[in-house]
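In case you want the letters, here they are:
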Amino acid sequence: MTISADIENGARAAFANSPAPFDEGVAELYQTLLVPMLFEPYAAEMAIAADGSKPGSVLELAAGTGALTRALRGTLDPPTEIVATDLSQAMINIGAPTVTMSRTHWMHADAQNLPFAPEMFDLVICQFGAMFFPDKVKAYSEAARVLRSKGRFLFSTWDSLSANDFASCVDECLAGLFPSDPPEFLQRLPYSYFDPGAIQEQMSSAGFKAVTCDRLELTSVAASAQDVAAAFCHGTLLRGEIEWRAPERMSQIVDEVAERVEARHGACPSGGMSALIFAGRLS
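Residues numbered from 1 in each chain as written. Predicted model: local features only at pLDDT ≥ 70, side-chain atom pairs only at ≥ 80, totals over all residues. Heavy atoms only, no water.

(A) Here's a closer look at the sheet that holds strand S5 (residues 147-158). Sheet architecture is open: seven strands sit in the order S3-S2-S1-S4-S5-S7-S6, paired in mixed fashion. In the strand order of this sheet, the two ends are held by strand S3 (104-108) and strand S6 (209-221), each with one partner. Geometrically, the sheet is characterised by an average inter-axis angle of 20 degrees between neighbouring strands, direction not taken into account. Against the sheet, helix H2 (residues 24-51) engages strand S4 (121-127), S5, S6 and strand S7 (270-281), with an angle of about 155 degrees to S5. (Pairing = 2+ DSSP bridges. Helix = DSSP H or I, 4+ residues; strand = E, 2+ residues; numbered from the N terminus. Axes fitted to C-alpha atoms, helices over the stretch in contact; angles between N-to-C directions. Contact = heavy atoms within 4.5 Å.)

Have a look at this one:
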């Protein structure tokens, strides 16, 4: 069966009723503000790394609104088949219209239970999604299952919160605004998964060999401090945590976060960001 045919069959059965963690309003802000600020710089680097093995078929996990998908499509050979998946239909609805070239497929899928036959892909890739997988070894085992012999798994995670300037600044400001019950989304999920040894061990448990880890430090740039504040407070799941605590103060809180960002990083802020890039192969 061809990849295209398998996509069509799998899409009909794959998690059509799963709850989406983002609504389309959050997904739009994520795409407009967070993607250029945080994800596009790393997408360019990840696409170059993906191109090193010249894959003929690529499965992307947790594609979000397609920052990496677009970079892959612009970097890999035109005949390369790319399947971009995400658990959030809202993210797909925003991302899919931005990459409509042939040999690019979008579908709703859970990385822990992939709707694909074994040995379908040369490369499985994921940018800043692994932190959200509840059972990481299961997700990595699924990646191994759908890879062909000698296939490669490549993914990135954020380094510690303290190594990422904008996120750290936002987190510190919110902790000061809610001292008795601070929103902890950034610490709890996106910036929680950065122990190279533990991650490499999980990958090895899933069947990957020659697992490597590289730290990649880049610079994040935003048009304004207000954009940084809005990106994190409205374009991530921080929004729900803030609204649950003080729905009537949301606008004020965003302004206060923006003031903190501007004081620390300037009116047209730039800040350091750090990520870990993991790669492994099947024997």
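There is more to say after this.
(B) Main features of helix H10 (residues 238-245). Here H10 has its buried residues at Leu238, Glu241 and Ile242. When H10 is viewed along its axis, its buried side chains cluster within an angular range of 95 degrees and face the same direction. Buried positions along H10 lie against helix H6 (165-177), helix H7 (185-188), helix H9 (225-234) and helix H11 (250-265). (Buried < 20%, exposed > 50% of the residue type's maximum accessible area, 1.4 Å probe, protein only. Arc of directions from axis to C-beta.)

(C) Fine view of the confidence of the model for the protein. The predicted model of the protein has a mean per-residue pLDDT of 92, with 92% of residues at 70 or higher. Counted against residues more than four places away or in other chains, residues 4-20, with its pLDDT under 50, gives 27 contacts. (pLDDT = per-residue confidence, 0-100.)

(D) Region of the structure containing the packing of helix H5 (residues 136-146) against helix H8 (residues 196-205). Following both chains from N to C, one finds H5 and H8 inclined at 50 degrees, their axes separated by 8 Å at the closest point. Taken together, the axes of H5 and H8 lie oblique to each other. Seen from above, H5 lies across H8 with right-handed handedness. Facing H5, whose interface residues are Lys136, Val137 and Tyr140, H8 presents Gln202, Met203 and Ser205. In terms of residue class, the contact of H5 with H8 is made up of three nonpolar, two polar and one charged. (Parallel < 35°, antiparallel > 145°, perpendicular 65-115°, else oblique. Left-handed = near helix turned anticlockwise from the far one by under 90°. Nonpolar A, V, L, I, M, F, W, Y, C, P; charged D, E, K, R; others polar.)

(E) Summary view of H6. For H6, which comprises 13 residues, the first-to-last C-alpha distance of 19 Å matches the rise-based estimate of 18 Å (1.5 Å per residue) to within 8%. Among the residues of H6, those classed as buried are Phe166, Ala167, Ser168, Cys169, Val170, Asp171, Cys173, Leu174 and Leu177. (Expected span 1.5 Å × (residues − 1).)

(F) Structural view of the state of the cysteines. Evaluation of the coordinates by the stated rule reveals zero disulfides. Summary of cysteine pairing: Cys213 is not part of a disulfide, and the nearest cysteine sulfur, belonging to Cys126, is at 15 Å. (Disulfide = S-S within 2.5 Å.)

(G) Layout of the environment of Ala223. Note that Ala223 resides in the loop between S6 and H9. For the pair Ala223 and Ser270, spaced 47 residues apart in the sequence, the C-alpha separation amounts to 9.0 Å. If sequence neighbours within four positions are ignored, Ala223 has contacts with Ala267 and Cys268.

(H) Quick peek at the pairing of S3. The buried fraction of S3 amounts to five of the five residues, a majority that puts the element mostly inside the structure. Burial of S3 is two-sided: the residues Thr104, Trp106 and His108 facing one way and the residues His105 and Met107 facing the other way are all buried. Where strand S2 (residues 81-86) meets S3, five bridges bridge the pair, whose relative direction is parallel. Looking at S3, one finds that Ala84 is bridged to Trp106. A crossover connection joins S2 to the parallel S3 through helix H4 (residues 89-95); in handedness this β-α-β unit is right-handed. (Right-handed = clockwise from strand over helix to strand, strands pointing away.)

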